[in-house]
Amino acid sequence: MTTSHPPVAHRSRARERLRRSGPGLALAVISLFTVAPLIAVVVLALSPKDAPTLPHAIPHSLTLDNITRIFDIGEFPVWLLNSLVYSAVSVVVILLTASMAAYALVRKRFPGRNVLLWAIVATLMVPMQATLIPTFILVARMDGVNTLWGLIMPTLANAQAVFLIRQFVRDLPDEIFDAARIDGAGEWRTFVAIVLPLIRPVLATLAIFVFLWHWNDLLWPLVVGQTDAARTLTVGLATLHTETVSTADIMSASLVSFIPCLIVFLVLQRHIVASITSSGVKG
Amino acid sequence: MSVHTPPRTVSDGRKPRRPEATRTTANGRAAIGRIRRREAVAGILFVLPTLVIFGLFKFFPIAGAGAMSLTRYRLNGDVTWIGTDNYTRLFDDPHFWGSLGATATYVLVFVPLIMAVALAGAVLLNKIVRFSGTFRALLFVPYLSSFVMAGIVWSWIFASDGPLNTALDKIGAGPVPFLSGDQLLVLASLALVAVWKGFGYSMLVLLAGLKAQPAEVHEAARIDGANSRQAFWYITLPLLRPVLFFVLVIETIVGFQVFDTIYVMTGGGPNRASHSLIYFLYDEGFKFLDFGYASAVGMVLFAIVLILSLIQRRFVEGKDAK
């Protein structure tokens with residue numbers, strides 16, 4: 001008999017252990033909820049064709065055949081390319097133009113500055129869907145429907161980016177700019193060599209979010225890209241889903257669409273937590 | 001939170017002392033003028049790309065949205081001014097009220113659900129020491145996916161021969177028509193997908209709020225003999241209220257904008273059960289090409305989001321004023 005401790009102490013120690021490991025166990029359960037569907041995508045995408053697979057059986061072997069095969073479906077490679085251009089160009093242009101604007105709006109005095117700043121911030125309250133129709137008409141009038149520039153241009157007006165970078169530029173000490181001026185740096189040089197490196201954390205964060213927003217966007221690419229060749233991967237994925245393609249094919253396409261997001265996240269993830277906490281970016 | 005700090009005025013953030021300003025000679029004044037002018041030109045040049053893009057693709061469409069909602073608009077350029085006809089038609093349209101009702105029901109299921117999961121995740125993450133980075137990443141990872149991909153995966157999970165119904169079958173709970181049953185079931189299924197995809201973001205915001213809480217307050221509560229449940233209800237939650245409110249408003253706005261999962265999973269059905277406000281807008285605009293009418297729907301969404309934003313703004317400012 002191991003009654004060296006009274007039963008009460010036993011119970012409290014068990015409770016203590018539960019208190020310690022409880023949160024971990026609960027998190028493991030929620031993680032199962034978040035990760036299991038993604039694992040299912042991977043398994044279904046890599047299951048050999050016509051072999052028994054989820055949810056009825058676990059496949060004996062995995063293959064990359066499905067992945068290579070979907071590149072032959074319709075315009076799949078074009079969709080992938082469209083998504084890459086849409087996201088990459090948007091990230092670069094938004095980060096650059098928003099940084100320039102934020103720098104000028106904080107550090108330069110010029111007529112109309114406050115009105116412009118107020119107008120940009122005010123657009124944060126207007127949801128994109130409310131201006132979907134006029135934006136589409138505008139792009140249609142400019143013959144931008146089914147073109148890459150028609151897809152990209154309207155999404156470059158990103159108030160969130162201007163606002164967040166502005167917060168960052170505002171907190172830079174005046175002395176840095178005085179020193180730059182004394183050293184004879186011109187406006188552009190000051191911006192490129194001093195401002196941009198100093199605001200790198202917020203740029204990294206925005207790069208992640210702008211990439212995710214554009215890569216995963218559906219509504220705007222859906223209305224502006226109406227031909228097969230003008231679709232982005234997300235729109236193509238939605239189209240494939242309504243057509244009669246096999247589970248293996250649609251899951252392979254999903255997996256391909258997901259991998260770039262995962263890579264971006266893994267490379268830049270240390271910025272994400274810090275930034276969400278300090279700014280409140282919402283996609 | 002900080003999204004609504006009022007814009008700074010010209011004067012602050014800059015030190016008023018300017019060496020040039022002490023000189024009052026004509027030469028000096030001319031020099032100041034030159035410097036000011038150069039600064040203004042540089043400022044305008046830096047802001048120009050943004051000004052052009054915003055002017056054309058943001059300010060102009062926003063103004064156009066209100067105007068278009070007062071017209072009968074055809075893509076071929078045939079425009080007729082019809083005043084508030086679109087709105088009277090909208091408020092007489094049972095399909096519009098059906099869509100608004102479906103959206104409201106969806107929001108009422110989605111928002112409490114995502115708040116609960118996000119808060120649970122944040123509180124648990126805040127408690128553990130080991131593997132916190134790993135768990136944080138595992139819980140956040142669906143946020144990286146698109147609603148389209150989420151919709152595709154969950155369509156498979158919800159299918160009549162999918163894993164969920166296979167499991168339910170084994171315990172004798174019979175097949176559940178997640179995406180083809182009654183309205184509440186379909187909307188709840190769609191909400192679950194959005195919670196899976198989206199709670200990671202709010203979870204991180206709430207986690208930040210928790211981490212910002214002063215340890216002394218919790219220490220003091222423990223010394224006063226509060227148990228962990230009391231500490232949570234009387235200390236943690238009240239301190240977290242501003243952050244909770246921020247997340248609540250944000251997720252409510254997200255809820256009202258539901259479209260992608262519906263487009264992929266139900267197509268608005270069955271029997272318009274999941275025909276949301278944005279789905280209605282999309283149909284009217286791009287299926288029936290009734291652009292004026294669709295713009296009026298857009299204005300309704302704008303009104304909803306504006307009201308929510310103003311409530312949030314008021315709340316945040318009230319807190320700052322204290």
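Right above here is the structure, for reference.
Residues numbered from 1 in each chain as written. Chains lettered and ligands numbered in written order. Predicted model: local features only at pLDDT ≥ 70, side-chain atom pairs only at ≥ 80, totals over all residues. Heavy atoms only, no water.

J.: Can you help me understand the overall build of chain B in this one?
T.: Across its full length, chain B carries twelve helices and two strands. The secondary structure elements of chain B, listed N-terminal to C-terminal, are α-β-β-α-α-α-α-α-α-α-α-α-α-α. For chain B, the C-alpha radius of gyration of 26 Å lies well beyond 20 Å, the compact-globule estimate for 322 residues. Here chain B, with 322 residues, has 48% of them falling under the buried criterion. When the accessible area of chain B is evaluated, it comes to approximately 15,600 Å², of which 63% is carbon and sulfur surface. For chain B, the distance from the average position of its 30 positive side-chain charges to the average position of its 20 negative side-chain charges is 15 Å. (Helix = DSSP H or I, 4+ residues; strand = E, 2+ residues; numbered from the N terminus. Rg over C-alpha atoms; globule rule 2.2 N^0.38 Å. Buried < 20%, exposed > 50% of the residue type's maximum accessible area, 1.4 Å probe, protein only. Areas by Shrake-Rupley, 256 points an atom, 1.4 Å probe, with all protein chains shown as cover. Lys, Arg positive; Asp, Glu negative; His and termini not counted. Charge placed at Lys NZ, Arg CZ, Asp CG, Glu CD.)

J.: I'm lost on the layout of surface pockets in this one. Help?
T.: The probe, sized like a water molecule, is rolled over the atoms to show the empty space still left. The volume enclosed by the largest pocket comes to roughly 1,200 Å³. In terms of lining residues, the largest pocket is bounded by 32 residues, among which Arg19 of chain A together with Val123, Asn126, Lys127 and Ser228 of chain B are the most central. For the lining of the largest pocket, the elements supplying multiple residues, two or more each, are helix H1 (7–46) of chain A together with helix H3 (94–127), helix H7 (183–211), helix H8 (215–223) and helix H9 (228–256) of chain B. The leading source of residues in the lining of the largest pocket is H1 of chain A, at eight residues. Residue composition of the lining of the largest pocket, grouped by class: 13 nonpolar, nine polar and ten charged. (1 Å grid on protein atoms, 1.4 Å probe; cavity = no way out; pocket = protein on both sides within 12 Å on 5 of 7 lines; lining within 4 Å. Points joined across faces, edges and corners; volume = space filled by probe spheres on them. Nonpolar A, V, L, I, M, F, W, Y, C, P; charged D, E, K, R; others polar.)

J.: What's the story with a nonpolar patch on the surface in this structure? I'm lost.
T.: A cluster of nonpolar side chains, namely Val41, Ile44, Leu45, Leu48, Leu51 and Val52 of chain B, defines an oily patch on the protein surface of about 490 Å² accessible area. For Leu51 of chain B, the position within the fold is in helix H1 (residues 26–68). (Patch = residues over 30% accessible without salt bridge, like charges linked within 9 Å, V, L, I, M, F, W, Y side chains within 5 Å. Salt bridge = Lys/Arg side-chain N within 4 Å of Asp/Glu carboxyl O.)

J.: It is not clear to me how the side chain of Thr234 of chain A should be interpreted in this structure. Could you clarify?
T.: All names here are of chain A. Residue placement: Thr234 occurs in helix H12 (residues 233–242). We classify Thr234 as buried; its relative accessible area is 4%. In this structure the side chain of Thr234 is engaged in a polar contact, spanning 2.7 Å, whose partner is the backbone oxygen of Trp215. (Polar contact = N/O pair within 3.5 Å; in protein donor to acceptor, adjacent residues only side chain to side chain.)

J.: Is there a simple way to explain the pattern of salt bridges in this structure?
T.: Pairing is possible between side chains of opposite charge, provided their charged atoms come close. Using the criterion set out here, one finds seven salt bridges over all chains in the structure. A salt bridge links Asp228 of chain A to Arg231 of chain A; the shortest N-O distance between them is 3.0 Å. The shortest N-O distance in the salt bridge between Asp290 of chain B and Arg89 of chain B comes to 3.1 Å. Highlighted residues: Asp290 of chain B in the loop between helix H11 (277–287) and helix H12 (291–321) and Arg89 of chain B in helix H2 (residues 85–92), separated in sequence by 201 residues. On the accessibility criterion, Asp290 of chain B (12% relative accessible area) is buried. Arg89 of chain B gets classed as partly exposed once you look at its relative accessible area, which sits at 38%.

J.: Got a minute to help me understand the interface of chain A and chain B in this structure?
T.: When the parts of a complex come together, some accessible area is lost, and that lost area is often used as the size of the interface. With 104 residues of chain A in contact, the opposing surface of chain B contributes 100 residues. The tally of links between chain A and chain B comes to eleven residue pairs in polar contact (both at pLDDT 80 or more). Looking at the side of chain A that touches chain B, its residues break down into 69 nonpolar, 24 polar and eleven charged. (Contact = heavy atoms within 4.5 Å.)

J.: Explanation requested: empty space enclosed by the protein in the structure shown.
T.: Evaluated as defined, the whole model comprises three cavities of 30 Å³ or more. Here the second largest cavity is characterised by a volume of approximately 40 Å³. If you trace the second largest cavity, you find it lined by Ile94, Thr97, Ala98, Leu156, Ala157, Asn158 and Val162 of chain A together with Thr50, Ile53 and Phe54 of chain B. Within the lining of the second largest cavity, the residues separate by chemical class into seven nonpolar, three polar and no charged.

J.: For this particular structure, what's the right way to read the side chain of Asp174 of chain A?
T.: When you line up the elements, Asp174 of chain A lands in helix H8 (residues 174–182). A distance of 2.5 Å separates the side chain of Asp174 of chain A from the side chain of Arg107 of chain A, its partner in a polar contact.

J.: Explain unusual backbone geometry to me, please; I cannot follow it from the model alone.
T.: Glycine aside, negative phi is the norm for most residues, and most peptide bonds take the trans geometry. Following Gly269 of chain B, the chain continues to Pro270 of chain B via a peptide bond in cis, the omega torsion being -10 degrees. One can find Pro270 of chain B in the loop between helix H10 (260–265) and H11. Not every positive phi belongs to a glycine, and Asp143 of chain A is a case in point at roughly 60 degrees. Here Asp143 of chain A lies in the loop between helix H5 (132–141) and helix H6 (148–152). Of note, the phi angle at Leu289 of chain B is positive, near 50 degrees, even though the residue is not glycine. Summarising the element assignment, Leu289 of chain B is placed in the loop between H11 and H12. Owing to a relative accessible area of 42%, Leu289 of chain B belongs among the partly exposed residues under this scheme.

J.: Looking at this model, I keep getting lost on the packing of helix H3 (residues 76–107) of chain A against helix H7 (residues 159–170) of chain A. Mind explaining?
T.: Between two packed helices, both the angle of their axes relative to each other and the distance between the axes serve to describe the pair. Residues and elements named next belong to chain A. One way to put it is that H3 packs onto H7 with a least axis distance of 8 Å and a crossing angle of 50 degrees. Between H3 and H7, the angle is such that the two are oblique. The handedness of the crossing between H3 and H7 comes out as right-handed. Facing H3, whose interface residues are Ile94, Leu95, Ala98, Ser99, Ala102, Tyr103, Leu105, Val106 and Arg107, H7 presents Ala161, Val162, Ile165, Arg166, Val169 and Arg170. Taken together, the residues of the contact of H3 with H7 break down into eleven nonpolar, one polar and three charged. (Axes fitted to C-alpha atoms, helices over the stretch in contact; angles between N-to-C directions. Parallel < 35°, antiparallel > 145°, perpendicular 65-115°, else oblique. Left-handed = near helix turned anticlockwise from the far one by under 90°.)

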